[in-house]
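# Coordinate analysis (summary)
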Amino acid sequence: MPARILAVDASRPDPALIREAADMLLAGQLVAFPTETVYGLGADALNAAAVDRVFEAKGRPVDNPTIVHVSTPAALDTIVTVVPPAARMLIAKLWPGPLTLVLPAAPTVPLVTRGGLPTVAVRMPSHAVALALIAAVGCPVAAPSANRSGRPSPTTALHVRDDLGDAVSIILDAGPTPVGVESTVLDLTGEGPVLLRPGGVPLEVLESLLGHVAVAPPGASSLLVRSPGTRYRHYAPHAKVVLVEAPPQRATLELNAAIRRLWDQGLRVGAMVTAESAPALPAGAVVRVMGARSEPAAIAANLFAQLRDLDDAGLDAIVVEGIEERGLGRAVMDRLRRAAGASDVDPGGII
Ligand code: TXA
Ligand code: MG
């Protein structure tokens, strides 16, 4: 059966609709819902059969664990064995919000939910719809991004329907998600904090609270064990993504050169560029303006929708302008490098 899309208000969702979706989750069905980052594909985190359905619907490898979502910090006590002082401090300052903490898992969390690991990734989202839904369910909700594995994360209900249509019972539609890139994933199970995935909470913010934060290199072999998801080539459109990284004063020159090179090969070319570069691109290119260089948060908010949009336009190649790795720019560049396949991915793991 195709998914039912239920429109809900983003800040004051109708309790009757939330109840309906919560009852679906309690019955072991899948419900897609908005968070402040991207839409998630939710299942009762403590129901292994329901979480199995999430993996099946996404076509996701079973060793890539989900993020468990809670609606209060107190709910942590049921799913992790220890909450170290650093975690308590971060929770007090940054929850609810786009920060996922990896902590030692309690035995109550089924192995499938945590990809067979002794740890579990947990976050408390700030979106009113997500919070209302989790509270109505009364137990933690496992929710990876609600895309087919290998597609950009969904930032609208229609993206979810396009990817997962029949596999999900209900999609709660509260419009576009405000942050646009996924949560920051921080591992707190080792000696010091390790950033596993840059995301909605900038590294600079974590460093201001924690001091030094180690940054796990994308695709590094040590990371394959610690953050299984990073081994796969995510965010991969069908078109070839060509990432142009140049200092601002050379950006238009290099973007033009990249576009012309691809044209010379007879390819249909699109471009995603900053507002500063857009006016200088050759006529005839299909152009999307990501936002101003000084506003990486706006660029993050547009990123996945524009990648999907250009990919649906039947292009052979998408030329994308790189931005500075500052604030949300770090998460943007991480996703773009992975879309371009530039990271050191495990060749066997490309899906
Ligand atoms: O913003 C988000 O985090 C969204 C929304 C829906 O909350 N969710 C999301 O989930 O992006 P997903 O499954 O697409 O990404 C989860 C990431 C993966 O890279 C996964 O490998 C990592 O978190 N992860 C999950 N559990 C882990 C664990 N126990 N240890 C290390 N990494 C873990
Ligand atoms: Mg994902």
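Structure shown above.
Below or above, wherever it landed, is the structure these notes cover. The numbers attached to residues start from 1 for each chain and follow its sequence in the written order. A letter from A marks each chain and a number from 1 marks each ligand, given out in the order of writing. Under the rules for a predicted model, residues below a pLDDT of 70 receive no local features and side-chain atom pairs below 80 are neither given nor counted, while totals for whole chains, interfaces and linings still include all residues. Based on all heavy atoms of the structure, the side-chain values leave hydrogens and waters out of the count.

Looking now at the pattern of salt bridges. Any two side chains of opposite charge can pair if their charged atoms end up close together. Whenever Lys or Arg places a side-chain nitrogen within 4 Å of a carboxyl oxygen from Asp or Glu, that contact is recorded as a salt bridge. Going through the model one piece at a time under the given rule, you end up with 17 salt bridges. In this structure, Asp 23 and Arg 19 form a salt bridge, with 2.9 Å as the shortest nitrogen-oxygen distance. Of this pair, Asp 23 and Arg 19 both sit in helix 1 (residues 15-26), 4 residues apart, roughly one helical turn. Each residue is placed in one exposure class: buried if its accessible area under a 1.4 Å probe, protein chains only, is under 20% of its type's maximum, exposed if it is over 50%, and partly exposed if it falls in between. When its relative accessible area of 39% is taken as the criterion, Asp 23 is described as partly exposed. As a salt-bridge pair, Arg 337 and Glu 245 come within 2.9 Å of each other at their nearest N and O atoms. Think of it this way: any DSSP run of H or I at least four residues long counts as a helix, any run of E at least two long counts as a strand, and we number them from the N terminus.

Spatially, 4 strands are ordered 12-15-13-14 in an open sheet, and the strand pairing comes out parallel. Each edge of the sheet is formed by a strand with only one pairing partner; in this case those strands are strand 12 (240-244) and strand 14 (286-291). Taken over all neighbouring pairs, the strand axes of this sheet differ in orientation by 20 degrees on average, direction set aside. In this structure, strand 13 (residues 269-274) lies alongside strand 15 (residues 317-321), joined through 4 bridges in parallel fashion. Paired with Gly 270 across the strands is Ile 318, a residue of strand 15. This element, helix 8 (residues 248-264), spans strand 12, strand 13 and strand 15 of the sheet and lies at about 175 degrees to strand 15. By definition, residues are in contact when any of their heavy atoms lie within 4.5 Å. For helices, the fitted line uses only the C-alpha atoms of the stretch in contact; every axis is such a line through C-alpha atoms, and the angle between N-to-C directions lies from 0 to 180 degrees. Sitting on the sheet, helix 10 (residues 329-339) is in contact with strand 12 and strand 15, with an inclination near 135 degrees to strand 12. Two strands are counted as paired when DSSP detects at least two bridges linking them.

Here we take up helix 8. Helix span is expected to be 1.5 Å times the residue number reduced by one. For helix 8, spanning 17 residues, the distance from its first C-alpha to its last is 25 Å, which sits close to the expected 24 Å at 1.5 Å a residue. Turning to helix 8, its buried residues are Ala 251, Leu 255, Asn 256, Ala 258, Ile 259 and Leu 262. Contacts from the buried residues of helix 8 go to strand 12, strand 13 and strand 15. Positive backbone phi, approximately 80 degrees, marks Gly 266, located one or two places after helix 8.

We now examine helix 1. Side chains that are three or four residues apart share a direction in an α-helix, a result of its 3.6 residues per turn. An ideal rise of 1.5 Å per residue puts 16 Å on 12 residues; helix 1 measures up with 16 Å between its terminal C-alpha atoms. The set of residues buried in helix 1 consists of Leu 17, Ile 18, Ala 21, Ala 22 and Leu 25. Within helix 1, the buried residues cover an arc of 135 degrees as seen down the axis, which keeps them to one side. On its buried face, helix 1 is in contact with strand 1 (4-7), strand 2 (31-34), strand 3 (39-44), helix 4 (128-137), strand 7 (141-142) and strand 8 (170-173). Definition of a polar contact: a pair of N or O atoms within 3.5 Å, with one able to donate and the other able to accept a hydrogen when the atoms are protein atoms, and with sequence-neighbouring residues admitted only if both atoms are side-chain atoms. In this structure Asp 14 caps helix 1, since a side-chain oxygen of it lies 2.9 Å from the backbone nitrogen of Ala 16. Note that the arc is defined by the directions from the helix axis to the C-beta atoms.

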